Structure formats: structure tokens, C-alpha cells
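Fold and geometry: a report
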Amino acid sequence: MKIHDILIVGAGLTGLRAAFEGITADLDVAVLTKVHPLRSHSCAAQGGVNAAIDKDDDWRDHAYDTVKGADFIGDEDSIELMCKEAPQAVLDLDDLGCPFSRNEDGSIAQRAFGGASFARTAYAADRTGHAMLHTLWEQAIKHGTHIYQEYHLLKIIKNKLGHACGVVAMEIATGKLEVIRAKTVLIATGGYGRVYKANTNAMINTGDGIALAMKAGANLADLEFVQFHPTGLKTSGILISEGVRGEGAYLIGKDGKRFMSKYAPNKLELASRDVVSRSEAMEIMAGNGVDGAVFLDVRHLGRDLILERLPQIRQLSIDFEGVDPVDKPIPVRPTCHYTMGGIRTEKLGQTNVKGLYSAGEASCTSVHGANRLGANSLLETIVFGKFVGKEMVRFIKQDYIQQEDLTVDEDVCKDTVELLNKIKNQSSESGIRPAILREKLTEAMNKFVGVFRNEELLAQGLEKILEVKADFEKVCVDDKSDCFNTDLLTTLELGNLILLAEATVKSALERKESRGAHTREEYPARDDENYRKHTIASINDKGHVVISYEPVRLVNNDRYKPVERVY
Ligand SMILES: Cc1cc2nc3c(=O)[nH]c(=O)nc-3n(C[C@H](O)[C@H](O)[C@H](O)COP(=O)(O)OP(=O)(O)OC[C@H]3O[C@@H](n4cnc5c(N)ncnc54)[C@H](O)[C@@H]3O)c2cc1C
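What counts as what
Residues numbered from 1 in each chain as written. Predicted model: local features only at pLDDT ≥ 70, side-chain atom pairs only at ≥ 80, totals over all residues. Heavy atoms only, no water. Core = buried A, V, L, I, M, F, W, Y, C linked by side-chain atoms within 4.5 Å. Buried < 20%, exposed > 50% of the residue type's maximum accessible area, 1.4 Å probe, protein only. Helix = DSSP H or I, 4+ residues; strand = E, 2+ residues; numbered from the N terminus. Contact = heavy atoms within 4.5 Å. Near = heavy atom within 4 Å. Polar contact = N/O pair within 3.5 Å; in protein donor to acceptor, adjacent residues only side chain to side chain. Areas by Shrake-Rupley, 256 points an atom, 1.4 Å probe, with all protein chains shown as cover. Nonpolar A, V, L, I, M, F, W, Y, C, P; charged D, E, K, R; others polar. Pairing = 2+ DSSP bridges. Salt bridge = Lys/Arg side-chain N within 4 Å of Asp/Glu carboxyl O. Axes fitted to C-alpha atoms, helices over the stretch in contact; angles between N-to-C directions.

1. Observations concerning the nonpolar core
Formed by 71 residues in total, the largest nonpolar core has its most connected members in Leu32, Val167, Ile187, Leu356 and Leu441. Broken down by element, this core gets its largest block of residues, 13 residues, from helix α14 (residues 486-510). In this structure, leucine 441 is in contact with Val195, Ile465, Val468, Leu494, Leu497, Ile498 and Ala501, ignoring residues within four places of it in sequence. Residues Ala18, Cys98, Met132 and Leu379 belong to the second largest nonpolar core, which totals 59 residues.

This is the structure we're talking about:
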């Protein structure tokens, strides 16, 4: 049987960046993805990528902004690595041909972003992720990377020593299950924002890799920290990039006046996302919204600038909200955007399961702590994609023990086959349709686990999620075929979302303080004494989701001492 050196699940920026390291080290690298690589959510990123490239900027300032943005719960070793390596990571892509926007003198242009002390966000108009992903995809093709395209990950497999040694995946076109073996496995499957009804995420962001890693024994961390972006379009939740405020857009209420001076007198609209989202929610609750939304006003920027730098957001507003921002303010509201939590890793992507690595949005290495700064996520993908790639290469060349190959169970697919049969054989008369359960789950997350939380709301949320979990045992599909059975695959994705919803609410219930994106109404203050630690969610021997804690990785004697976070 063929055994790849490195198997990467996920062909977004993280996966393709890691693949580049493996291929250029002459290893056998394969990338597995449920959609064509260019349909990964990375392609939707608009605003840009942070790096202290300018001669007047300093990576240490970037690191401080990130630690502060994270509300002093980010892992500082990871944050320092990311900020220090950011300029090179961006220049690597520039060298590979990524068409970043330029200044008159030919240098890479940078714009202001929320929570940053310097305008350090490099961009390619408002289609940055698109430009970056195409650049790395070209490299994957050029180097002949093996792509398992339209393969759906169903299980991470381990050998008798408990080390990750491959996956079980379904070839979507035929429904055939395949065991794909590898010396190392990287989970780069992105986030799970689809667990909320209103979100900015692609349909595919269902956290499959995170949930399956948890089932394979990996720890998850900090799931309670879910980022609500201040400017999702009112009706569809589609994102209007923070880059728009970076270009000078205002937020206004029903009264037509700017309101951010009440909440963040210095940074105003460019305070960090948790602060701006909470401010909007308070304005809406106080009656200064219209139909659950406030407005993003770009009219004063003028038609020429909008057409040159913000063409995509203009088109999105016209197509999905019926508003041309050249003439009218855009209705926006806080919308689930990003999951700070994920598979718990060390600085170089190692998980607690040997041979299993994670990076990008699927992971929690934790560079974002309790709140991610805009444009730090694209950065995370290219820095940690690169470094986890290098670490896997090092592991294979130095530490890998050859005899491990022989020890996988014969019936490694048995439980997967049983699960698929159970769903397909459930009768349509007595079974429950997945769409009904998905609706109930995502509505519960929106209603009970939103921007403002309290014990009562969270407990109600957990109750609803556990009802959905129990009903999922009776879930049925109408399509019983093998070929492109999306009915079945979206049902499996729903199963993953249910597990992550449960772990998210349990993590949120236990964090009795307000920090970053997690606001507990009955505990309005940050409590560093008791809660400056990571929440770990795992599955115990009895199959239950349990919560424990881990210390934050600090550097140099707590160099970044916590202070009150004001903007
Ligand atoms: C609309 C939007 C705009 C954004 N704008 C910015 C921005 O301007 N700046 C910034 O820094 N960040 C931004 N972000 C966040 C950032 O884009 C993402 O966090 C980042 O791109 C995630 O990259 P990734 O490689 O970790 O995962 P993704 O790009 O999400 O890729 C995940 C991959 O995993 C694969 N996969 C998933 N499940 C399975 C499975 N079961 N089987 C096989 N394959 C699977 C998918 O096919 C895909 O290839 C934005 C996010 C959104 C939603």
C-alpha cells in the first residue's frame, strides 16, 4: 500500500502553503479536499494580510497589538513567531507572483485595520484571499502535488501505538471509501462558522476536521471565543470587509449620526471587532437601528475611490442588499465570522496525538486568543502553513520510525460503514430530515450563544443542542445513491456541527468572566486571576464532552502584562 509522507486535509491557504514546504523538500505530499482547492473559504477573504513591512513599523508593535487584541489570553510564543515572520511570509508570496496592490513607488500598499497601531495590512484590492490562493494553487500544479479532489474526510486513523497514520475518506463522485495512509497528517480544514444561522462563511465551513480530530483524541481549545464581525450584510450575512472602515467608512444609526465615539473614543470604527460588534448590538437594543441593523456609510469616500479599492463590496451590496453604497449607506449587523477556538496545538502545529498536526483556522495555536484582529488570519495561514510544513518535514526526516507502518486495524472502515448505512437505511417515514435539525441547531446558537451571553441563555442553548443531538440518531436522507450524494455528506457535516456546538456551549458556560468576544452579562469584568487560561474540550472514555484548562504560553516573564483594554 502506498504511504504518503505528508497528507494534508484542506486545500485552503494553510494546506497549500504547507504542501509547498513538503514538495520543495522532495517528500511525497498529498492534499485532500472536499471541494476544488479554489473554492476553499480562503478565496473569499477580502481585506488583507498584516505584516510589519514598512520601515517605520516594527514587528514588536504588531505582536503587542495582537496580544492586546487577544485580550491577553493568546499564546505569546506563537504570536511572536507569527509577527516576526510576517514580512517574510508576505514577501514569499510576492516573489511567487501574488499581485498585491502597490504604492506609486512600487512598494506593497498597506491599509489601516481594526485594533492595529499602524496601517500594516497588505492587500490585493478587496480580493486578497483570491489573489493569494491562486498564487499557491499555481505552485501546487507546477510541482505536481497529488490532489485528492472532491474527497470527503470521514475519519482520522491511528496505529496501535496511538499515532495518526492516515484517514478514511469518501470519493464524492463514486461514494467509494478509501483508506489513505501517511506518515504525518495535517488538519487544515478551516473553521466552523456555519454553526450559526447568520454567518459570513462558505457552506463548506462545518468544522469537519476539528470534530473528527476530537473524536480521534485531540484536545480542542477556546471554543467559547466566536468572532462576530461588525459588518455582515443585514439580509444574507455576506461580509463587508473591515478594509472598508480602514478606507474611512463610518458606522451610523437610525438617527444618521456616528455612534462609535461613545464606545471607543480613540479608535472609533477601527476599534477591535469584539468592541465594535458589542457597540452595534447595544445601539440596536437601544432602538437606534432599523430592522435589526445599523448602517455603514462610505458615501463621503467618493465614487472613484470606491470603484478603485472597494469594487467587490460595492457589487455585493448591490447584488445582495439592493443598495449601491456610492449613493446610500449599507445596512449591516454583527454576524458570526470566525472561530478563534480549534484543535489545540503547540507553536509548530503539533497536537497531543503524535503524527497529527493542525494549522490555520481549524487550529488553536492560539495567536488570536479571545479576539482575532482583522487581517491576522490570512497571516496565520501563510506563517503557520509554512512552519508546520517545515516541522512535518523535520519529523519525517529525523524522528519517524519506519516499523509503525504495519500496525493499522484490518477493519478500520467498519464504524464509518456502519454510520453511513445507519443514515441511509433510516426510513423517511419515521426519520427526521437533516434540514430541520440544522435549522434548530443554528437558530439556537444565534439566539442563545450570541454577542451577549448569560447562564440562563447558555443553559437553554445547551438544552436545545442536546435535543438536536438526540434527534440526530433518527436522521434520514432521501438520496440513497452513491454518486455525488450531497444529501448524505451535508448530514455528516451536520453531525460535526452538533458536536462542536455542544463543546462550544459547554466551554462558554464554564468561563465565568467577560473577555474578548465572550461577554457574560453577569460577569462583566475580565478575571485574570481565575481565567487567564485556555479552556480545553475533549471527549472522555465514556464519550462525553468534558472541559479542563491549560495555562497560557507566556514569554520572557510575562513580557506583555495584562492591562485594561481600551481603544
Ligand atoms: C468572507 C470572509 C472574509 C475574510 N477576510 C479576511 C481577511 O481579509 N483577512 C484575514 O486575515 N482573514 C480573513 N478571513 C478569515 C480567513 O479567510 C480564514 O480564516 C482563512 O482563509 C482560513 O484558511 P484555512 O486554510 O485555515 O481554511 P479554508 O480556506 O477554510 O480551507 C479549508 C479547506 O478544508 C477542506 N475541507 C474541509 N472539510 C473537509 C472534509 N471533511 N474533507 C475534505 N476536505 C475538507 C476544504 O475543502 C478547504 O479546502 C475572512 C473570512 C471570511 C469568511
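The discussion continues.
2. Some thoughts on the site of the ligand
Neighbouring the ligand are 38 residues; His41, Ser42, Glu361, Ser377 and Leu378 lie closest to it. Between serine 42 and the ligand, the recorded distance is 2.5 Å, taken from a side-chain N or O atom to an oxygen atom. Between the ligand and serine 377, the relevant distance is 2.7 Å, taken from an oxygen atom to a side-chain nitrogen or oxygen of the residue. In isolation the ligand has 1000 Å² of accessible area, and contact with the protein removes 98% of it. With four residues, helix α10 (residues 376-399) is the largest single contributor of residues to the shell around the ligand. Of the residues contributing to the shell around the ligand, the split by class is 14 nonpolar, 20 polar and four charged.

3. A short note on the sheet that holds strand β4 (residues 110-111)
What the three strands build is an open sheet, ordered β3-β5-β4; its pairing is antiparallel. The strands lining the two open edges of the sheet, one partner per strand, are β3 (49-50) and β4. Both β4 and strand β5 (residues 121-122) contribute to a ladder of two bridges, which runs antiparallel. If you follow glutamine 110 over to β5, its bridge partner there is alanine 122.

4. Here's the deal with the environment of tyrosine 400
Take tyrosine 400: it is sitting in the loop between α10 and α11 (414-425). As for tyrosine 400 and threonine 174, which are separated by 226 residues in sequence, their C-alpha atoms are 34 Å apart.

5. Overview of the pattern of salt bridges
The final tally for this structure, using the stated rule, is 53 salt bridges. A salt bridge links aspartate 92 to arginine 17; its shortest N-O distance comes to 3.3 Å. Within this pair, whereas aspartate 92 is found in helix α3 (residues 76-95), its partner arginine 17 is found in helix α1 (residues 13-24), the two being separated by 75 residues in sequence. For the pair shown, aspartate 92 and arginine 17 are each scored as buried. A network of salt bridges, in which partner residues are shared, links Asp71, Glu224, Asp274, Arg278, Arg511, Glu513, Arg515, Arg526, Asp528 and Arg565.

6. A short note on the sheet that holds strand β20 (residues 533-539)
Ordered by their spatial adjacency, five strands build an open sheet running β17-β15-β10-β20-β21, and the pairing between neighbours is mixed. Single-partner strands in this sheet number two, and they are β17 (363-364) and β21 (545-551). In this structure, strand β10 (residues 220-221) lies alongside strand β15 (residues 342-344), joined through two bridges in antiparallel fashion. In the strand pairing of β15, alanine 221 is matched with glycine 342. Across the sheet, α14 lies against β10, β20 and β21, angled at about 55 degrees from β21, the strand it touches most.

7. Details of the environment of glycine 166
Turning to its location among the elements, glycine 166 is positioned in strand β8 (residues 164-171). Residues glycine 166 and glutamate 104, spaced 62 residues apart in sequence, show a C-alpha to C-alpha distance of 49 Å. When residues no more than four places from it in sequence are discounted, the contact partners of glycine 166 are Lys155, Ile156, Ile157, Ile180, Arg181, Ala182 and Val185.

Remember, this is a structural readout, not a statement about activity or role.
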